[in-house]
Amino acid sequence: MRSKLTWMLTPLLVLTMSFGYGQQKTVSGNVTDQDNLPLPGVSIVVVGTTNGAQTDFDGNYTITAGEGEVLRFSYLGQKTVDMIIGAANVINVKMEEDAETLQEVVVVGYGSKASELNTSAVSTISTETIEAFVPSTSIDNILQGQAAGVQVTAANGRPGQTAFVQIRGVGSINANTTPLYVIDGIPVGADFVNNLNPNDIETFSILKDAATISKYGSRGANGVVLITTKTGKKGDAKVVLRSSYGFGERIKDPFDIMNASQKLELERQFADLGVNAALSLPGASATPAELQNFLANDTNWEEELLRKSEIQSINLSVSGGDERLTYFLGLGYDKNTGIVKNIKGFERLSARLNTTYQAKEWLNIGTNLSFARSYEELTRDRNNVQNPFRGLYDYNPWDPLFLRDGNNDVVLDEQGNPVYNPTTIGFPIALAIQTEPENERNFLIIGSLFADIKFSDKFSNRFSIGATNNRFNRTSRSISGGVLQGFIGDANFPGTQTDNFDNTLEYNVNNLLTYSDTYGGFHNLTVSGLFEYNERIFTDLFATSRGFPSPDFPYQDVAAEATSAGSTEERRRLFSLGLFADYDYDGKYVVSASIRRDGSSRFGPDNKYGTFYSGSAAWNIARESWMEGSVFNNLKLRASYGTSGNQNIGDFEYLNLLGFSTYNGFTAAVPLGVGNPNIQWESQAILDIGLEFGLLNNRISGVIDYFKKNSKDLLLNRPISQTIGDEDNSILANIGEVENSGFEISISADIIRNQNFTWTLGGNMAIIDNKVVSLVNGEDIINGNTILREGEEINSFFLERYAGVNPANGEPLYLDTDGVVTSQYSPGFQVLLPGKSPQANLEGGFFTSLRYKGLGLRADFVYKSGNYIQNFQRQQGVAIGNINRNQRVESFNYWKQPGDQNVLPSPLFQNTADQGTDRFLERGDYVRLRTLTLDYRLPTKLLDNTGLDSFRVFITGQNILTITNYNGDPEIGLGSAETAEPGDAGFVPGEFSLFSYPQVQSYTFGVEIGF
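The paragraphs below set out a description of the structure included in this document. Owing to the predicted nature of the structure, the values given are computational and were not obtained by experimental measurement. (Residues numbered from 1 in each chain as written. Predicted model: local features only at pLDDT ≥ 70, side-chain atom pairs only at ≥ 80, totals over all residues. Heavy atoms only, no water.)

## Brief notes about the overall build of the chain
Piece 1. Across its full length, the chain carries 15 helices and 52 strands.
Piece 2. In terms of its C-alpha atoms, the chain occupies a principal-axis envelope of roughly 125 × 65 × 65 Å.
Piece 3. Within the chain, the proportion of its 1011 residues that are buried is 51%.
Piece 4. For the chain, the share of sequence-separated contacts (at least 6 apart) that also reach a separation of at least 24 residues comes to 68%.
Piece 5. For the chain, the accessible area works out to roughly 44700 Å², and carbon and sulfur atoms hold 55% of it.
Piece 6. Across the chain, 80 positive and 115 negative side-chain charges occur, with their mean positions spaced 6 Å apart. (Helix = DSSP H or I, 4+ residues; strand = E, 2+ residues; numbered from the N terminus. Buried < 20%, exposed > 50% of the residue type's maximum accessible area, 1.4 Å probe, protein only. Contact = heavy atoms within 4.5 Å. Areas by Shrake-Rupley, 256 points an atom, 1.4 Å probe, with all protein chains shown as cover. Lys, Arg positive; Asp, Glu negative; His and termini not counted. Charge placed at Lys NZ, Arg CZ, Asp CG, Glu CD.)

This is the structure in structure tokens:
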């Protein structure tokens, strides 16, 4: 009977429950924080279902649920709130700050930490800051000025070009000083980061001191940039579409170049003075009728060679998940045509898929996978006539783009097309851009798989495998009938082509076993053991041919003759073991330590392994009982000391190397270099003392750090006897030490913070001093115009000194090595210029952000001070010997009569006046408005019944304003790639300016829609 009654009551009970919970209705409300400020992005889930939603920018939400069901509100940094749905249709929630959850956002080496338990110097760039810089084709714009101690120097303005990034100064002289980039746990080469879509990035974490970089051993010697990409959150699928379009143009010069009338007049004046090079120029030799034609042909070469660039970006993301599975899918297309006519510029297609799956209660697995395909057409970045940016300054303004006949009409060829004017330079760059094409293609794959296994409450393990594979192709052509064919071509084999193919495969196997426990309720201990293996395999091929029947078939197979070919393969391996320990007492007193041992194939058998360690401690003063009721929400003192190594040198430097050539038709071995089996790791010892603070309910927060970094056992080329057989007459050896020290300060403050209006100010600065401590036998190392000398700044300028113009006769004057004024010039007058180097000693950024309801305005500035730049571009623009080329207007300000001062030398002294002395060495100080963004978010109530969750429009300008006394653009990385570029011996970023691709000012307009 009881059994029958149970079967009868069960359906009735189910029906009753279904009725009670089945009254589905729309529930809405507003979510705020403890200060009654709206919280955007709060996750709302109906407990026990996959039904979810998120709050919009104003903190509003709408969700469908039934009475009696539970809504769970969760947000990073806030305590989770559960609300039972009753009769009311409006449920407003006020969330409270959860200190423990809030701290989880700090990402450090091989995981994350609560910020109060972090003992190291870590700078984090948030999602909000990243979005203020998007759209951007490269992550470099985002890093610049956003983190104290991170020096970012734009290489040039070419679309897709990566910047030079250094953390806390120059840590080496010969070895690479680029930081390690780690994307979702996968090490990625710095050359590949320009293929990362900035829209996919959640946060940057920059690791700067020994407490964190020692965990990466030799790879962390120059600092580490951890990039965390976006992941899905539990709830309904969230779709975001962001699209923007804009234009860019060359930043205007702070000087003028001559028009036709001015240039003809300067030629006449020089000719009257007897300057031989000017006698045959039109200003001195043309008839009045010819002069009229020259004036009529007044040509603005910037308008002929350059254009406004087109900038386009489209990005779509879909993210979401449930209790077990989360996902993020991102798709992107970016295009920047660049500012050179007839050059397609840069294009990138990208895709990313990040997923996690809770397969078992004890097993969480996930994968991060991204693809990027980029295409770029290049200009020749050279210090010669093949560079269009040199052409726009060099070409005479009376030289037209197309040839003119005696009647000043454009000359046409047999097909009726205008004939390009070779100009007085003899090289029509506008035509060469079309006949000498060059392009690069990259296909980058970054992927990882991980498995988190929880053995027990105390033991867990993460196993991960990650890999990057980049396929690079470059094609350089000189088509039949092209400009270069007239100089180096062969009429019997018209047209040449070179194809390069590189394949870089790098994979990383990582296992991290962790033990964590609490003793006595207050003593917390975490110990982790690391096993890591990394291998990089690089292969390249090239082939060159000549004789192409048509420019429409750019393939080696159709060439008449193959002229050269080659291939190489390089392998590098790194094996590592590490042990990390963290202890804290009730979150007040924190101690961390690490030890890591790396074995690198770049060193010989006797020096293959290096051991690196660190120790750090922190005191959370704000958690002391006697700090209760104070204005401080956070006050932490920390200190760290440790070591790291540097293996960023060439492969096989410890071996005697051979190259191969031909001799009498047979293969012949040629000695390439003398190896040194005794070379070992460069080592670094880093001290850091920091103070973190937050007060007045964290309305004011900041960090102050002092650091000292000594780089020892520097790998330098030591001169050897010419009889030994090394092609450079040098051998790599561990001799040398440099030191960087300084202060870093970051601060942010909410000046006004209420429900409708917020105004935030913030900024950072790094004050850095550097010096050379020791060198090879204490001897100077001279690299052209810079020098390394013990006790002096790294790469101090080493130049002849200019003493002005003799007011009596206009002759240039110089100082000899003893400081005596002389009219004689000698290269032997070079001296070190104390305190003058390409490295800035003050650098950083600051911002202001205002938001009133849905309207926002943010301005980000960057600045640099204390660096010097050799302004070769100005030297070329006023050189007397360049009278056959266009000149700057300031060239008129030369010595004309006795008593003239503050003038250029008289043209009569060309032989000594054109020398590259410190006359053209200028301070590179500047302040630049890097990014200005104005945006508006539509109120949620206007989006009701539209199917949209959010709608935002924005206008962004980049490089809008620059304040500087430098005679040109002070933001210089590459002066000229042909003259010096990364990988060249003695290359120093920002040392000189010389017609490289200029920086660009841009404006973009966009819309962001959320579904």
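## Things to note about the packing of aromatic side chains
Piece 1. Tallying each qualifying case throughout the model produces 27 aromatic pairs.
Piece 2. Between Phe612 and Trp681 the ring centres are 5.6 Å apart and the planes differ by 80°, which places this aromatic pair in the edge-to-face class. Of this pair, Phe612 sits in strand E28 (residues 609-620) while Trp681 sits in the loop between strand E31 (666-673) and strand E32 (682-695); the two residues are 69 residues apart in sequence, bridging distant segments of the chain.
Piece 3. Taking the relative accessible area as the measure of exposure, Phe612 reaches 4% and is therefore buried. (Phe/Tyr/Trp six-rings, centres within 6.5 Å; stacked < 30°, edge-to-face > 60°.)

## A short note on the nonpolar core
Piece 1. Residues Leu305, Leu306, Val340, Phe389, Leu392 and Ile429 are the most contacted members of the largest nonpolar core, which totals 30 residues.
Piece 2. Top contributing element to this core by residue count: helix H12 (residues 429-435), with four residues.
Piece 3. The residues contacting Leu305, other than those within four sequence positions of it, are Ile339, Val340, Lys341, Pro388, Gly391, Leu392, Ile429 and Ala430.
Piece 4. Core analysis: the next-biggest nonpolar cluster, separate from the first, contains 25 residues, Ala147, Ala163, Ile186 and Ile201 among them. (Core = buried A, V, L, I, M, F, W, Y, C linked by side-chain atoms within 4.5 Å.)

## Quick word on the pattern of salt bridges
Where charged atoms from two side chains of opposite charge approach closely, those side chains can pair.
Piece 1. The full count for this structure, using the stated rule, is 56 salt bridges.
Piece 2. Here Arg390 ties to Asp394 by a salt bridge, and the two come within 2.7 Å at their closest N and O atoms. Placement of both Arg390 and Asp394 in helix H11 (residues 388-394) is noted, with a separation of four residues, approximately one turn of the helix.
Piece 3. For Asp394, a relative accessible area of 8% puts it in the buried group.
Piece 4. A salt bridge links Arg952 to Asp935, with the shortest nitrogen-to-oxygen separation between them at 2.8 Å. (Salt bridge = Lys/Arg side-chain N within 4 Å of Asp/Glu carboxyl O.)

## Examining a nonpolar patch on the surface
Piece 1. On the surface, Tyr589, Trp619, Trp626, Leu637, Ile689, Leu691, Ile704, Phe743, Ile745 and Ile767 cluster together into a nonpolar patch covering about 870 Å² of accessible area.
Piece 2. Those elements that provide at least two residues to the nonpolar patch are E32 and strand E36 (737-753).
Piece 3. Here Ile704 shows up in strand E33 (residues 700-712).
Piece 4. Of the residues examined, Ile704 reaches a relative accessible area of 35% and is grouped as partly exposed. (Patch = residues over 30% accessible without salt bridge, like charges linked within 9 Å, V, L, I, M, F, W, Y side chains within 5 Å.)

## Focus: the packing of helix H6 (residues 260-273) against helix H9 (residues 288-296)
Piece 1. With their axes 8 Å apart at the nearest point, H6 and H9 run at an angle of 140° to one another. By the criterion of interaxial angle, the relationship of H6 to H9 is oblique. For H6 against H9, the interelement crossing comes out right-handed. Contacts from Ala260, Ser261 and Leu264 of H6 reach H9 at Leu291, Phe294 and Leu295. (Axes fitted to C-alpha atoms, helices over the stretch in contact; angles between N-to-C directions. Parallel < 35°, antiparallel > 145°, perpendicular 65-115°, else oblique. Left-handed = near helix turned anticlockwise from the far one by under 90°.)

## Some remarks on the sheet that holds strand E16 (residues 224-229)
Strand pairing in a sheet relies on backbone hydrogen bonds, with the paired strands running either antiparallel or parallel.
Piece 1. Pairing is mixed across the open sheet formed by five strands, whose spatial order is E10-E15-E16-E13-E14. Two strands bound the open sheet, and with one partner strand each, they are strand E10 (122-125) and strand E14 (186-188). Strand-to-strand twist across the sheet, computed as the mean angle between neighbouring axes with direction ignored, equals 25°.
Piece 2. One ladder, built from four bridges, connects E10 with strand E15 (residues 201-207); its direction is antiparallel. Each bridged residue has a counterpart across the sheet, and for Val122 the counterpart in E15 is Leu207. (Pairing = 2+ DSSP bridges.)

## A closer look at the side chain of Asn620
Piece 1. You can see Asn620 is positioned in strand E28.
Piece 2. Engagement of the side chain of Asn620 in a polar contact is seen with the backbone oxygen of Glu116, the distance being 2.7 Å.
Piece 3. Aside from chain neighbours lying at most four places away, what touches Asn620 is Glu116, Gly587, Lys588, Val590, Leu635 and Lys636. (Polar contact = N/O pair within 3.5 Å; in protein donor to acceptor, adjacent residues only side chain to side chain.)

## Notes on the environment of Ser741
Piece 1. Inspection of the secondary structure assignment puts Ser741 in strand E36.
Piece 2. Between the C-alpha atoms of Ser741 and Lys709, which are 32 residues apart in sequence, the distance is 6.1 Å.
Piece 3. Residue contacts for Ser741: discarding those within four places in its chain leaves Tyr706, Phe707, Lys708, Ile767, Ile768 and Asp769.

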